[in-house]
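Structure assessment
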Amino acid sequence: MGQNSASPPADGLWERVVRRAERALISGALSPIRTEEHVVDADRVRFVVRVVSSIRAKAREGLKDPKGGDPQEETTDPRDDPFLPYDPELFVADLSDTHVLLLNKFNVLDHHVLAVTRLYEDQEAPLTKADFAALARCLQAVDGLGFYNCGAAAGASQRHKHLQAVALPLTRVGPAIPVESLLAEARFDGRIGAVREFGFRHAIIRLEAPASSASALALEFHGAYRQLLSATGIGVEALDRADRRLPPYNLLATSSWMLLVPRSREHFGSVSINALAFAGSMFVSDAAQLQEIAAAGPMAVLGHVAVRED
């Protein structure tokens, strides 16, 4: 177990996040990455592109680029694991016997948290009921967005399995999640929906009536996840493979919907793209990368890194 084995009630969990962040800022354990917000309009979505203003400071900490959501040091070697052990100054709570909640040390968005497995599991392993139980506790505690980057080609910079969550809104102007206007117009065949403006493989599910508890939401999440794997061609049979590693994908989840996007590559030009980009929030390291995004158009950027439909 972690430093405090008694799990706080969900309605007090986010208060613990806020208090821990305040203390970690004072101690220097938390190192926010300051950015400037820019808006790039595309297909009725006001994409928010944050340009990192402290990239040199981050580089001095040994990081390679601001992936806009992934924590700690960028590494593909499980022996070089910032979560084993994790920094106690970033510890928020024990979510369960299998997961702890940590602050993202190099956060771009305020109160960005990580639901991390206690023991090493690979980021390409299938998500489990325990993973979704951890995420559900976070999203029952705050109106937030959960997300997951499966593998390096999906924008993951850390091999140790971790889901992530941020409080909404993602931006000060427009919808709380920039792409929600498009998601609201998704066309459904049964439970599985598709967004007309997304010219790449994806699937969305609307969850049932608001879950009465974190455990009920976790069950919804897990069932929806399996359906989305099938709908996007990854397939639930992959969950039973001997190596138990899945192809790259991004997952986004709120308490009312879940979206899965298979990935073909990590980068558009020099820009690393992760799950938050499919929510309408992108991160770049300088003005040149901002221009790359603006010149191509955000939807073309997403299509480039996703899997094109035949």
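In what follows, the structure referred to is the one given above.
Now for a description of the structure that goes with this document. Small disclaimer: the values here were computed from a predicted structure and weren't measured. (Residues numbered from 1 in each chain as written. Predicted model: local features only at pLDDT ≥ 70, side-chain atom pairs only at ≥ 80, totals over all residues. Heavy atoms only, no water.)

**Examining helix H5 (residues 214-231)**
The end-to-end C-alpha distance of H5, which contains 18 residues, comes to 25 Å, matching closely the 26 Å that a straight helix rising 1.5 Å per residue would cover. Taken together, the buried positions of H5 are Ala 214, Leu 217, Ala 218, Glu 220, Phe 221, His 222, Ala 224, Tyr 225, Leu 228 and Leu 229. In this structure, the buried residues of H5 make contact with helix H3 (129-141), strand E9 (192-194), strand E10 (203-206), strand E11 (249-253) and strand E12 (257-262). (Helix = DSSP H or I, 4+ residues; strand = E, 2+ residues; numbered from the N terminus. Expected span 1.5 Å × (residues − 1). Buried < 20%, exposed > 50% of the residue type's maximum accessible area, 1.4 Å probe, protein only. Contact = heavy atoms within 4.5 Å.)

**Here's the deal with the sheet that holds strand E6 (residues 144-150)**
If you walk across this open sheet you meet the 10 strands as E3-E4-E5-E7-E6-E11-E12-E10-E9-E8, and the pairing is antiparallel. The strands lining the two open edges of the sheet, one partner per strand, are strand E3 (91-94) and strand E8 (187-189). The average undirected angle you get between the axes of adjacent strands in this sheet is 25°. Two elements, E11 and E12, share 5 bridges in a ladder whose sense is antiparallel. Note that in E12 the partner of Tyr 249 across the bridge is Pro 262. Contacts between H5 and the sheet are confined to E9, E10, E11 and E12, with E12 contributing the most and set at about 35° to the helix. (Pairing = 2+ DSSP bridges. Axes fitted to C-alpha atoms, helices over the stretch in contact; angles between N-to-C directions.)

**A few points about the nonpolar core**
Grouped together as the largest cluster of nonpolar side chains are 48 residues, with contacts concentrated most on Leu 103, Phe 132, Phe 221, Tyr 225, Tyr 249, Leu 251 and Met 258. It is H5 that contributes the most residues to this core, 8 residues altogether. Leave out the neighbours within four places in its chain, and Tyr 249 touches Leu 127, Tyr 148, Asn 149, Cys 150, Ala 154, Tyr 225, Ile 234, Leu 260, Val 261, Pro 262 and Arg 263. In terms of nonpolar packing, the next biggest core, distinct from the first, is built from 47 residues, Val 179, Trp 257, Val 261 and Phe 283 among them. (Core = buried A, V, L, I, M, F, W, Y, C linked by side-chain atoms within 4.5 Å.)

**Notes on the environment of Leu 219**
Here Leu 219 lies in helix H5. Of the residues examined, Leu 219 reaches a relative accessible area of 59% and is grouped as exposed. Along the sequence, Leu 219 and Lys 129 sit 90 residues apart, while their C-alpha atoms lie 7.1 Å from each other.

**Examining unusual backbone geometry**
The general pattern is negative phi for most residues beyond glycine and trans for most peptide bonds. With an omega of -5°, the peptide bond running from Leu 84 to Pro 85 counts as cis. Considering the arrangement of structural elements, one finds Pro 85 in the loop between helix H2 (55-60) and E3. In this chain, Leu 168 is followed by Pro 169 through a cis amide linkage whose omega measures 10°. Following the sequence through the fold, Pro 169 ends up in the loop between strand E7 (162-167) and helix H4 (180-183). Although it is not a glycine, Arg 44 adopts a positive phi angle of roughly 65°. Looking at the element boundaries, Arg 44 is found in the loop between strand E1 (35-42) and strand E2 (45-52).

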